[in-house]
Each structure stands twice: as C-alpha cells, then as structure tokens.
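# Fold and contact review
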Amino acid sequence: MDPADETEQPPPPCALDKFHISPEYGFLLPDPQTELPAPYRPWMDLARSLPDLIATRQLRAPQLSAAQLHGHRDLRLAHLVLGFITAGYVWQDGEEGPVLPQNLAVPFWEVSRRLGLPPILLHADLVLANWRQRDRAGNLDPIVWLPGGESLRGFVLVTMLVEKAAVPGLQVPLGMPRVRGIGRGLSAWSGPGRCCTPALPQAPPEPACARGTEQPVLDPLPCAALQWATLPSWPPSSKAAPSSGLLYEGVWELPQAYSGGSAAQSTVLHAFDAFLGVRHHEESSAFLHRMRDYMPPRHRAFVEAIQALPPLRELVLSSGNEALHCAYNRCVTALAAFRTRHIAVATKYVAAPSRPEQRGTGGSPVLRFLKSVRDATREALLNV
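Presented here is an overview of the structure given in this document. Source: prediction; values computed, not measured.

### Regarding the overall build of the chain
- Broken down by element type, the chain carries 16 helices and four strands.
- Taking all 384 residues of the chain together, the buried fraction comes to 55%.
- Of the contacts made within the chain by residues no fewer than 6 positions apart, 77% connect residues no fewer than 24 positions apart.
- When the accessible surface of the chain is totalled, it reaches about 16500 Å², and 54% of it is carbon and sulfur.

Put into structure tokens, the structure is as follows:
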C-alpha cells in the first residue's frame, strides 16, 4: 500500500466542535472577548492594574457574586481574571500566610465549579484564553498584563504560538481510518509537528508560524517574572507559600494545594502522545496524568477519545509496510525535535545554570522532566 495512493478525506470540523476545539484556533479560546459583562468590570480593572496594586499592596477584591455570569466564554474569561487576581493577592502578601478572602474565594470557586476546573491560575487561563488582536496586522497581546514586562509577555505569546502552530495536527487523529488511510493521515500530521518548532524563540529569530504575528523577543526571565508565570503553584520548595496550600475562605476549612499553570497542562502534547502511542517513564507519566485534571473537561475528553481508538503504533508495526513505518517515524521524529528545542529554550530562558533541578511551572524539576519526555518520545521510533 502506497500512502500517496489513498483518497480518504480529512475529518469534518464537527468532530472537533464537541470537544471545544476550533478548526482554526485549536484549544485556544477563539476570538476571546476582552471585557466581562458590565457588573464584572471591576474584576477586569483589577486584573489590568495588578503590577501597580501589588507594588503598593493595595489589591483588594470587590464583593461580587458569579451568579450573573452565563455561557462558556464569559466563564472562561472570569476564570482567567480571577486566577490572575488570586495570584496577585498571594504575591502581595508573601509569606505572611496565604488566605484568599471570601469575597474572592467564593466566586472563583463557583466559576471553577461550573467549568469543571480547579480554582487556580492554569495554562488554560494564562495562554489559551489570554490573547487578543492588537492591530489589523494580526499582532497579539495578552488580555491581562503581569509583572515581568516584555520578557513575560513573550513567554505567554510564544506558548500561544506553539498552540496555534499545532492546530492542523488536531484534525487527523479522530477522523483518520485506523487501517486504510493511515499513511495519508500520518503524512498530514507530520507537518504540524515540524511547524511547532519555529514558533519557539531562536537565535536569530525565525518567523512565527502564525502569519502576521511578530516573533516575541525573550530575555532570560528574571526570578520575579518566572514566579509570576508559575504562581500559584506552591510546591514545598517555594517561598511564596507553605506546602499546605492556600486557604479559600468561605469555601473549605483546610488549605488546598494545586499546581500552577504549566505547559504539561497543554492538551496538544497529551493528544499527540496519545495518537503516536508515546509511553512516558513512570515518574513523568504520573505527573502528566495529574496535569490532565487541570485541563478543561472537554479537552481532556479529546485525549481520552484518542486513547480509546485502536493503538496506532501497534497497527503500523503489525502492518509490515515499510512506507507506513517511515511515515510514522517522521511524525515521532518531528515531535522529539520539538521537545529537544523546548529543552534548549527552557535551559536558556527559564532554568538557571547553577540550579539544574529548578522547578518548572507545574512543580516538576524542569530539565529532568523535559529530557525524560523527549527520551520517551524517541523510544517510540520503530526499527525499520
């Protein structure tokens, strides 16, 4: 069977719609509005003023109920804004004992409950919902700004560009026939894998995959900016808060511990691993599986739907078809190359050379974890 001879069509867009996946934007919230409904504008005003409010220790949340919020978009934007305000509130109080006041904790819990998400700042907030068109050329900005200046802006936008670049690869897994059409589907998938890598910062910079979008310029993130990207994760080694977590006043009697926003919460990478049959090592696998609890439920269901299909790797392996083996290996190689580039970026911009076991945004030792998932990806290659 020659993959070039196959005529199967790509999956219909409706196959993605039920998972809250856009054919154009993937897991990114499509064309997110930048304002909450009128009663909730005080939350947005606070979120946009976080750097100044934190510097003067004047961040206070208004007393508002989430009852008038309706629809997925409004709830996602509210979760974004409340996540940032929560991070800011903890940041300004430092080690004095993190207690989230009731007038912030209760609506954040209510919005989170309705979305099926934890009440914490997530990758789904920091990246997937936190973008807007800045101008007609298609250049982008975060909706909510954080301490950390241009470096942190670039940190957010580069991650968003990777999500956008991977979108064509999401069209393949559910619609690809599992025996006939495998070669065509794999050929269609390998392009997005290669496209993800240029979206990461290079030296000199390469054009971003998203047309019309400036390549963000990154400097090595200062410590404070990195903490802003990860708060509130509060692993035991963090000085920002004790390992017992955050007390949500009026919601729970005991502190709750959560992981902060992390690329490990990106459904794109979980979906690609599930599609290609990448099996991660025990420690990394346990962490990645826990990170699924931080995804929007329908995004998590997309990964589970792929896993429920007949295993692609075994089908290719048992086919005895050399062309299929090569097509599959091109896909795995593209994903491994992306992860190698991710390691280089994390080494340069995130992990200090003197602290190779520095914790990443989800609380894991960043370089050890990234190398583990890259090595596991390479192990999925078939011997041809």
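### Observations concerning the packing of aromatic side chains
- Under the counting rule described, the total for this entry stands at seven aromatic pairs.
- Look at Tyr25 and Trp131: their rings are 5.3 Å apart centre to centre, the planes differ by 40°, and that puts the pair in the tilted class. Here Trp131 lies in the loop between helix H6 (123–128) and strand S2 (132–133) and Tyr25 lies in the loop between helix H1 (14–17) and helix H2 (41–48), a separation of 106 residues in the sequence.
- Judged by relative accessible area, which is 11%, Tyr25 ranks as buried.
- Residue classification places Trp131 among the buried residues on the basis of a relative accessible area of 3%.
- A ring pair is formed by Phe27 and Phe302, whose centres lie 5.9 Å apart and whose planes are at 70°; its orientation type is edge-to-face. Separated by 275 residues along the polypeptide, Phe27 in the loop between H1 and H2 and Phe302 in helix H13 (residues 297–307) bring together distant segments of the chain.
- Residue classification places Phe302 among the buried residues on the basis of a relative accessible area of 0%.
- Taken together, the aromatic side chains of Phe19, Phe27 and Phe302 make up a single cluster linked through ring pairs.
- Across from the ring centre of Trp109, 5.9 Å away, lies the NZ or CZ of Arg113, which sits over that ring.

### A short note on helix H5 (residues 102–115)
- Look at H5: 20 Å from first C-alpha to last across 14 residues, which is about the 20 Å you get at 1.5 Å a residue.
- Among all positions of H5, only Asn103, Leu104, Ala105, Pro107, Phe108, Glu110, Val111, Ser112 and Leu115 are buried.
- Once H5 finishes, Gly116 follows within two positions and takes phi at roughly 75°, a positive value.

### A closer look at the side chain of His270
- In this structure, His270 sits in helix H11 (residues 267–276).
- By relative accessible area, His270 is classed as buried at 6%.
- Residues contacting His270, with those up to four places away along its chain left out, are Ala264, Leu288, Arg292, Met295 and Val303.

### Details of the packing of helix H14 (residues 312–319) against helix H15 (residues 322–349)
- With their axes 8 Å apart at the nearest point, H14 and H15 run at an angle of 145° to one another. For the pair H14 and H15, the crossing hand works out as left-handed. Along its contact with H14, which presents Arg313, Val316, Leu317 and Ser319, the element H15 presents Leu324, His325 and Tyr328.
- Of the residues contributing to the contact of H14 with H15, the split by class is four nonpolar, two polar and one charged.

### Quick notes on the side chain of His123
- Within the fold, His123 resides in helix H6.
- Filtering out sequence-adjacent residues up to four positions away, His123 remains in contact with Leu128, Thr159, Glu163, Gly261, Ser262, Ala263, Gln265 and Ser266.

### What about the packing of H11 against H13?
- Between H11 and H13, the shortest axis-to-axis distance is 8 Å and the interhelical angle comes to 5°. In terms of axis orientation, H11 runs roughly parallel to H13. Taking contact as the criterion, the partners of Thr267, His270, Ala271, Ala274 and Phe275 in H11 are, on H13, His299, Phe302, Val303, Ile306 and Gln307.
- Residue composition of the contact of H11 with H13, grouped by class: six nonpolar, four polar and no charged.

Cut-offs applied
Residues numbered from 1 in each chain as written. Predicted model: local features only at pLDDT ≥ 70, side-chain atom pairs only at ≥ 80, totals over all residues. Heavy atoms only, no water. Helix = DSSP H or I, 4+ residues; strand = E, 2+ residues; numbered from the N terminus. Buried < 20%, exposed > 50% of the residue type's maximum accessible area, 1.4 Å probe, protein only. Contact = heavy atoms within 4.5 Å. Areas by Shrake-Rupley, 256 points an atom, 1.4 Å probe, with all protein chains shown as cover. Phe/Tyr/Trp six-rings, centres within 6.5 Å; stacked < 30°, edge-to-face > 60°. Lys NZ or Arg CZ within 6 Å of the ring centre and 35° of its normal. Expected span 1.5 Å × (residues − 1). Axes fitted to C-alpha atoms, helices over the stretch in contact; angles between N-to-C directions. Left-handed = near helix turned anticlockwise from the far one by under 90°. Nonpolar A, V, L, I, M, F, W, Y, C, P; charged D, E, K, R; others polar. Parallel < 35°, antiparallel > 145°, perpendicular 65-115°, else oblique.

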